[in-house]
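# Structure at a glance
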Amino acid sequence: MQSPAIDPAKTEQNHHHAATVEAQHSEHPDHRLFGLVVFLVAEGMIFLGMFGAYFAFRATLPEWPPTGTPELELLLPGINTVILISSSFVIHNADTAIKKNNVRGMQLWFAITAIMGIIFLCGQIYEYKHLEFGLTTNLFASAFYVLTGFHGLHVTIGVLAILAVLWRSRKANHYSDEQHFGIEAAELYWHFVDVIWIVLFGILYLL
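Thresholds, definitions, all that
Residues numbered from 1 in each chain as written. Predicted model: local features only at pLDDT ≥ 70, side-chain atom pairs only at ≥ 80, totals over all residues. Heavy atoms only, no water. UniProt positions renumbered as here; feature names shortened; annotations may be inferred. Core = buried A, V, L, I, M, F, W, Y, C linked by side-chain atoms within 4.5 Å. Buried < 20%, exposed > 50% of the residue type's maximum accessible area, 1.4 Å probe, protein only. Helix = DSSP H or I, 4+ residues; strand = E, 2+ residues; numbered from the N terminus. Contact = heavy atoms within 4.5 Å. Axes fitted to C-alpha atoms, helices over the stretch in contact; angles between N-to-C directions. Parallel < 35°, antiparallel > 145°, perpendicular 65-115°, else oblique. Left-handed = near helix turned anticlockwise from the far one by under 90°. Nonpolar A, V, L, I, M, F, W, Y, C, P; charged D, E, K, R; others polar. Expected span 1.5 Å × (residues − 1). Polar contact = N/O pair within 3.5 Å; in protein donor to acceptor, adjacent residues only side chain to side chain.

The protein is annotated in an unreviewed UniProt entry as Oxidase aa(3) subunit 3 from Calothrix parasitica NIES-267. The record in UniProt for the protein states the following under Sequence similarities (unreviewed entry): "Belongs to the cytochrome c oxidase subunit 3 family."

### A closer look at the nonpolar core
Residues Y54, M106, F110, F133 and F144 are the most contacted members of the largest nonpolar core, which totals 45 residues. Looking at this core, the elements with two or more residues in it are α2 (32-60), α3 (75-98), α4 (103-130), α5 (139-168) and α6 (181-206). Per-element tally for this core: the top contributor is α6, with 14 residues. What F144 contacts, discounting residues up to four positions off in sequence, is L72, E127, Y128, L131, F133, G149, L204 and Y205.

### Thoughts on the packing of α2 against α5
Relative to each other, α2 and α5 sit at 165°, their axes nearing to 10 Å. Put simply, α2 runs roughly antiparallel to α5. Classified by chirality, the crossing of α5 by α2 is left-handed. Along the contact surface, α2 presents E43, I46, F47, M50, F51, Y54 and F57, while α5 presents L139, F140, A143, V146, L147, F150, H151 and H154. A class-by-class count of the residues in the contact of α2 with α5 yields twelve nonpolar, two polar and one charged.

### What to know about α5
For α5, spanning 30 residues, the distance from its first C-alpha to its last is 44 Å, which sits close to the expected 44 Å at 1.5 Å a residue. Its side-chain oxygen at 3.1 Å from the backbone nitrogen of F140, N138 defines the N-terminal cap of α5.

If you want it as structure tokens, here you go:
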């Protein structure tokens, strides 16, 4: 059987198309990661404003927490803190795996990170249910719920982002060592969430 003849014109057209696509990429570089960094800086400024308000309340009142506020337990939040900090190392393994084209490894580490995030949220809900003060008990209680609740919202978004990456990774060759923005974005966001919690834990539970 004779092999089909190669059309030189078509081959040249394909090369020209590839060169055009490459030129377009060089003219329009990918700024998605920069956009995410700008977004996280904006979110960080919101948290910074909340921290500033918290310290302003603390400096204004003669006693902080106000008299009669039950003392916060450290055991459960401490365990939650260890889980969340550890999850940053876990999710980094996913980034390392995909840069080696190990999609299965990436999926495993992302799944473990999502589970750790869900455990953190369950621990936070459990703590809320067993606290001896409510949102309107006093100024400290209100600040506590707003700060931890807003952070919990960010953790929830982070878990959903990780699950979204896992869902998209089901498609063959969707992520690779060259195409992995979604993985990097989810990891960077998760590190941001972890850093904010470390600050929150220090302010609310230790100071």
